[in-house]
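Here's the letter readout for the chains.
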Amino acid sequence: MKLKRLLQSCLLVLIILLGSVCNSDTIKYSSKITNMAEEMAKINADYVMDTYYSLSDSEKDEFVAYLEEYPENFPPFFYILTADHIYKKDKDKALLWYFIGTIRSYEDVCMCKDITARSQIQVYPMIAAKTTEYLQTQSEAISDLVQTALDWDKTHKDRFDPTWACYHGMNAFYQKPELVSKWKRQKIKYDVRKSFKKIYVKSNIDFSQYR
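Residues numbered from 1 in each chain as written. Predicted model: local features only at pLDDT ≥ 70, side-chain atom pairs only at ≥ 80, totals over all residues. Heavy atoms only, no water.

Draft legend 1. The arrangement of the overall build of the protein in detail. On a plain count of helices and strands, the protein comes out with 11 helices and zero strands. Going from N to C terminus, the protein has its helices and strands arranged as α-α-α-α-α-α-α-α-α-α-α. Within the protein, contacts between residues at least 6 apart in sequence are counted, and of these 72% link residues at least 24 apart. Here the protein displays about 12500 Å² of accessible surface, and carbon together with sulfur accounts for 56% of that area. (Helix = DSSP H or I, 4+ residues; strand = E, 2+ residues; numbered from the N terminus. Contact = heavy atoms within 4.5 Å. Areas by Shrake-Rupley, 256 points an atom, 1.4 Å probe, with all protein chains shown as cover.)

Draft legend 2. Expanded view of the side chain of Thr82. As for its position among the elements, Thr82 is in the loop between helix H5 (77–81) and helix H6 (83–87). A distance of 3.4 Å separates a polar side-chain atom of Thr82 from the backbone oxygen of Tyr79. (Polar contact = N/O pair within 3.5 Å; in protein donor to acceptor, adjacent residues only side chain to side chain.)

Draft legend 3. The state of the cysteines, seen in detail. Under the criterion given, the structure shown has one disulfide. The thiol of Cys110 is unpaired, and the distance to the nearest cysteine sulfur, on Cys112, comes to 8.6 Å. (Disulfide = S-S within 2.5 Å.)

Draft legend 4. Molecular detail of unusual backbone geometry. The phi dihedral of Ile43 is positive, around 60°, even though this residue is not glycine. For Ile43, the location among the structural elements is in the loop between helix H2 (31–41) and helix H3 (45–54).

Draft legend 5. Layout of the packing of aromatic side chains. On inspection of all chains with the given rule, the structure shows 17 aromatic pairs. Centre to centre, the rings of Tyr66 and Phe74 are 6.0 Å apart; their planes meet at 90°, and the pair counts as edge-to-face. No difference in accessibility class separates Tyr66 from Phe74, as the two residues are buried. Each residue in the set Tyr29, Tyr52, Tyr53, Phe63, Tyr66, Tyr70, Phe74, Phe77, Phe78 and Trp164 is aromatic and connected to the rest through ring pairs, giving one cluster. (Phe/Tyr/Trp six-rings, centres within 6.5 Å; stacked < 30°, edge-to-face > 60°. Buried < 20%, exposed > 50% of the residue type's maximum accessible area, 1.4 Å probe, protein only.)

Draft legend 6. Molecular detail of the confidence of the model for the protein. Residues at a pLDDT of 70 or more form 80% of the protein, whose mean pLDDT is 83. Of all secondary-structure elements in the protein, the lowest mean pLDDT belongs to helix H1 (residues 2–22), at 38, while H6 reaches the highest, 98. Here residues 6–25 is modelled with pLDDT under 50, and outside its nearest four sequence neighbours on either side it reaches zero contacts, counting other chains as well. Every residue in residues 200–204 scores below 50 in pLDDT, and together they form eight contacts with partners more than four places removed in sequence or on other chains. (pLDDT = per-residue confidence, 0-100.)

Draft legend 7. Quick look at the pattern of salt bridges. Following the criterion strictly, the structure yields 12 salt bridges and no others. Residue Lys93 pairs with Glu68 through a salt bridge whose shortest N-O separation is 3.5 Å. With Lys93 in helix H7 (residues 91–110) and Glu68 in helix H4 (residues 57–69), this pair connects stretches of sequence that are 25 residues apart. For Glu68, a relative accessible area of 44% gives the class partly exposed. Put simply, Arg193 and Asp153 hold a salt bridge, and the shortest N to O gap is 2.8 Å. (Salt bridge = Lys/Arg side-chain N within 4 Å of Asp/Glu carboxyl O.)

Draft legend 8. Here's a closer look at H4. For H4, built from 13 residues, the straight-helix expectation of 18 Å at 1.5 Å per residue is met to within 8% by its first-to-last C-alpha distance of 19 Å. Looking at the buried side of H4, the elements it contacts are H2, H3, H5, H6 and H7. (Expected span 1.5 Å × (residues − 1).)

Draft legend 9. Quick peek at the environment of Lys28. Along the chain, Lys28 falls in the loop between H1 and H2. What makes Lys28 exposed here is its relative accessible area of 72%.

Draft legend 10. Highlighting a nonpolar patch on the surface. Together, Met170, Phe173 and Tyr174 make up a nonpolar patch on the protein surface, roughly 450 Å² of accessible area in all. Structurally, Tyr174 is set in the loop between helix H10 (142–155) and helix H11 (182–197). (Patch = residues over 30% accessible without salt bridge, like charges linked within 9 Å, V, L, I, M, F, W, Y side chains within 5 Å.)

Draft legend 11. Molecular detail of the packing of H2 against H4. Taken N-terminus to C-terminus, the directions of H2 and H4 make an angle of 50°; their axes are 10 Å apart at the nearest point. As the angle between them shows, H2 and H4 are arranged oblique. The two elements H2 and H4 meet at a crossing, and its hand is right-handed. For the pair formed by H2 and H4, the contact residues are Lys32, Ile33, Met36 and Ala37 on the first element and Glu59, Glu62, Phe63 and Tyr66 on the second. (Axes fitted to C-alpha atoms, helices over the stretch in contact; angles between N-to-C directions. Parallel < 35°, antiparallel > 145°, perpendicular 65-115°, else oblique. Left-handed = near helix turned anticlockwise from the far one by under 90°.)

Draft legend 12. Structural context of the side chain of Thr132. With respect to the helices, strands and loops of the structure, Thr132 is situated in helix H9 (residues 129–135). Classification of Thr132 as buried rests on a relative accessible area of 12%. One polar contact links the side chain of Thr132 to the main-chain carbonyl oxygen of Ala129, over a distance of 3.0 Å. In contact with Thr132, other than residues within four places in its own chain, are Tyr98 and Pro125.

What follows is the structure, encoded as structure tokens:
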């Protein structure tokens, strides 16, 4: 009987130890970062933006790690927003994140029924000013970076609800933002990717077909 209890105790300890070992690679994020994700899910963009700008450099590093692991929890706009922070340590990664964020943001913006939401596209380069300035000196590397960003966009199927982009349109002040039909959304993704493959970083897309 004593031997049985001893074996049971040893088994329990082993289970606990194995559990801690298996979970040792799990990244633990601070409450500030997880709260940002929770508020973003509620489309509380003002809170999230204010919190982001209050983050220290180390906290922004943590946010970048979170965004890299859970890109579907934030609008792709945040890939653009964090590019200049990444630029401090890794200029090429900053460019990649800028392209990832811009490609997917373009897709989302084009999916809005309200065409006035598209005006935000002009602001993207200014949000990552240092990164886009560096971009002008890297003409030979752009093609590879765009292709890598396009590959990322295709392989990361889960995405934040594209409706986020529609809240920046004029119609959002008096009616709930809407997206175009699902089949149009698929065509939009194809057309945007095709345009970026030609390195159409700026707004050279024919938006009229999506009305």
